[in-house]
Amino acid sequence: MMDVAIIGGGPAALSAALNLKIRNKDFILLGGNEKVTGLMKAPQIDNYLGLKGMSGTELLKGFREHAISMGVEIRKEKAYNILDMGGYFSINTGNEFYEATSIIIATGQGKAKYYEGEKEYLGKGIGYCATCDGPLYRNKSAAIIAENEEGEEEANFLSEICSEVYYIPAYRTEPKLRENIKLLREKVNAIKGDGNRVQSLMTDRRELQVDAVFIIRNIIPVNQLIEGLELDEGSIRVDKNMAASIEGVFACGDCAGKPYQIAKAIGEGNVASLSAVRYIEKKNIDNNVNT
Ligand SMILES: Cc1cc2nc3c(=O)[nH]c(=O)nc-3n(C[C@H](O)[C@H](O)[C@H](O)COP(=O)(O)OP(=O)(O)OC[C@H]3O[C@@H](n4cnc5c(N)ncnc54)[C@H](O)[C@@H]3O)c2cc1C
């Protein structure tokens, strides 16, 4: 059991990781897709003290190198789902499960635009991780809607077990797909069903009869990541210690609300990590007293 699992790979997550390392805590950093952070699109940053005029890419490279030089390992794994096990958390990354006493969420802005039917059929044919839920659809038909290349691996996996796989990319590069996958460059309009299960996917050109739809987004909406998390205008509700509404869960950076700025992300990552340290140490003392 680790002390902390940090979910995210941007400035907030790296700041939290650095401080946990300094405080000698046992933690894992699940950084997801390193190209997803909006910071890489920033041509010039002028409001981060002491490092005027750097590009977002340069700044992020510096943050990562600093963390790595201190012994932080940045894993390129994405957290799909976190379960509150009552006293600790189980984190599902598709291929692995990790356990941690505390969680720091630093996943950036995660306000997804939902497809029509998505909320209604989530868990009833709609999923966010084909590796996790794909085996439920053996010999059935599935569609993958993908915002990035991560969807290709998921589609290739599904093509081994499903009777039919449709791939609908929302990006321009040419996907590397197995021959038996049908590539559709179409706009998704809605996901339909009979009230209990998904039955079809409507695009601007056709209606596809499918049993499952997997949506591979750049960012998983935070309320899908962990059930029961209270939100405030779409961001995670936190107190001044960066504690979220679930005991043992902390949040920092853009996912914890405005202003969306690097300085705030770094500062909140620091506060979240120190709050997590206090939480773990108190829990350890309580456990020792009770044994
Ligand atoms: C074009 C542009 C220009 C900007 N210019 C400025 C500026 O000049 N000054 C300024 O202060 N700010 C600027 N910003 C804002 C700044 O980039 C953000 O405030 C900052 O990056 C927030 O850091 P973060 O760590 O909270 O989130 P992010 O930087 O978004 O990082 C989130 C990370 O979490 C990872 N992640 C997401 N979901 C998961 C998951 N389920 N599992 C594992 N990992 C996951 C992502 O892959 C990503 O690496 C700009 C943003 C943009 C888009």
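Residues numbered from 1 in each chain as written. Predicted model: local features only at pLDDT ≥ 70, side-chain atom pairs only at ≥ 80, totals over all residues.

**Student:** Requested: an account of the overall build of the chain, with residues and values cited.
**Tutor:** Of the regular secondary structure elements, the chain holds seven helices and 17 strands. Against the compact-globule benchmark of 19 Å for 291 residues, the chain has a radius of gyration of 20 Å, which places it among compact chains. Of all 291 residues assigned to the chain, the portion counted as buried reaches 40%. Nonlocal contacts in the chain, meaning residues at least 24 apart in sequence, comprise 58% of its contacts between residues at least 6 apart. (Helix = DSSP H or I, 4+ residues; strand = E, 2+ residues; numbered from the N terminus. Rg over C-alpha atoms; globule rule 2.2 N^0.38 Å. Buried ≥ 20, exposed ≤ 12 C-beta atoms within 10 Å, placed from the backbone. Contact = placed C-beta atoms within 7 Å.)

**Student:** Provide a residue-level description of the domain arrangement of the chain, including the pertinent values.
**Tutor:** Domains assigned within the chain are domain 1 (2–111 + 220–290) and domain 2 (118–216). For domain 1 and domain 2, the distance between their C-alpha centres works out to 30 Å. Contacts between the two partners involve seven residues from domain 1 and, on the opposite side, six residues from domain 2. Each residue belonging to the side of domain 1 that touches domain 2 can be placed in one class, and the counts come to two nonpolar, five polar and no charged. (Domains from an automatic or database assignment. Nonpolar A, V, L, I, M, F, W, Y, C, P; charged D, E, K, R; others polar.)

**Student:** Run through the sheet that holds strand β13 (residues 207–209), naming residues and quoting values.
**Tutor:** Here three strands make up an open sheet; going across it, the order is β11-β12-β13 and the pairing antiparallel. For this open sheet the edge positions go to β11 (188–193) and β13, each flanked by a neighbour on one side alone. Averaged over neighbouring strand pairs, the angle between their axes works out to 20° when direction is ignored. Pairing geometry for strand β12 (residues 198–203) and β13, over three bridges, is antiparallel. Across the sheet, the residue bridging to S200 is Q209, located in β13. (Pairing = 2+ DSSP bridges. Axes fitted to C-alpha atoms, helices over the stretch in contact; angles between N-to-C directions.)

**Student:** Just give me the short version of the nonpolar core, but keep the residues and values in it.
**Tutor:** Counting 81 residues, the largest nonpolar core has I6 and I144 as its most contacted members. Per-domain counts for this core show at least three residues from each of domain 1 (2–111 + 220–290) and domain 2 (118–216). (Core = buried A, V, L, I, M, F, W, Y, C linked by C-beta atoms within 7 Å.)

**Student:** Describe the pairing of strand β14 (residues 212–216), and please don't skip the residues or the numbers.
**Tutor:** Burial analysis of β14 places five of its five residues in the buried class, which makes it a mostly covered element. What you see with β14 is no split at all: A212, F214 and I216 on one side and V213 and I215 on the other are buried throughout. Inspection of the sheet shows strand β7 (residues 126–127) paired to β14 by two bridges, in the parallel sense. For G127, the partnering residue across the bridge sits in β14 and is F214. Strand direction decides the pairing type here: strand β8 (residues 141–146) and β14, joined by five bridges, are parallel. Bridged to A143 within β14 is V213.

**Student:** Run through helix α5 (residues 150–161), naming residues and quoting values.
**Tutor:** Taken residue by residue, α5 has E150, G151, E152, E154, A155, L158 and S159 as its buried positions. Contacts made by the buried residues of α5 are with α4 (130–133), β8, β9 (164–169), β10 (181–183) and β14.

**Student:** Break down the sheet that holds β14 for me, with residues and values.
**Tutor:** Ordered by their spatial adjacency, five strands build an open sheet running β7-β14-β8-β9-β10, and the pairing between neighbours is parallel. Looking at which strands have only one partner, the edges of the open sheet turn out to be β7 and β10. The sheet strands contacting α5 are β8, β9, β10 and β14, and the helix crosses β8 at an angle near 175°.

**Student:** So what's going on with the environment of G123? Residues and values would help.
**Tutor:** Of note, G123 is situated in the loop between α3 (118–121) and β7. Considered as a pair, G123 and A212 are 89 residues apart in the sequence and their alpha carbons are 9.7 Å apart.

**Student:** An account of unusual backbone geometry is requested, with residue identities and associated values reported.
**Tutor:** A cis amide bond links K258 to the next residue, P259, at an omega of -5°. Here P259 is to be found in the loop between β17 (249–251) and α7 (262–290). Positioned with a positive phi, N139 is a non-glycine residue whose angle comes to about 60°.

**Student:** Any chance you could break down the site of the ligand for me, citing the residues and the numbers?
**Tutor:** Not every one of the 36 residues close to the ligand is listed here, only the nearest: G10, G32, G38, G108 and G253. Counting only elements with at least two residues in the shell around the ligand, the list comes to α1 (11–22) and α7. Split by residue class, the shell around the ligand holds 19 nonpolar, 13 polar and four charged. (Near = placed C-beta within 6 Å.)

**Student:** So what about the packing of α1 against helix α2 (residues 56–69)? Which residues, and what values?
**Tutor:** Between α1 and α2, the least distance of the axes is 10 Å, while the angle of their chain directions is 20°. It follows from the interaxial angle that α1 and α2 lie roughly parallel. When the axes of α1 and α2 are compared, the crossing they make is left-handed. Between α1 and α2, the residues in contact are P11, L14, A17 and L18 and F63, R64, H66 and A67, respectively. Among the residues making up the contact of α1 with α2, the classes are represented as six nonpolar, one polar and one charged. (Parallel < 35°, antiparallel > 145°, perpendicular 65-115°, else oblique. Left-handed = near helix turned anticlockwise from the far one by under 90°.)

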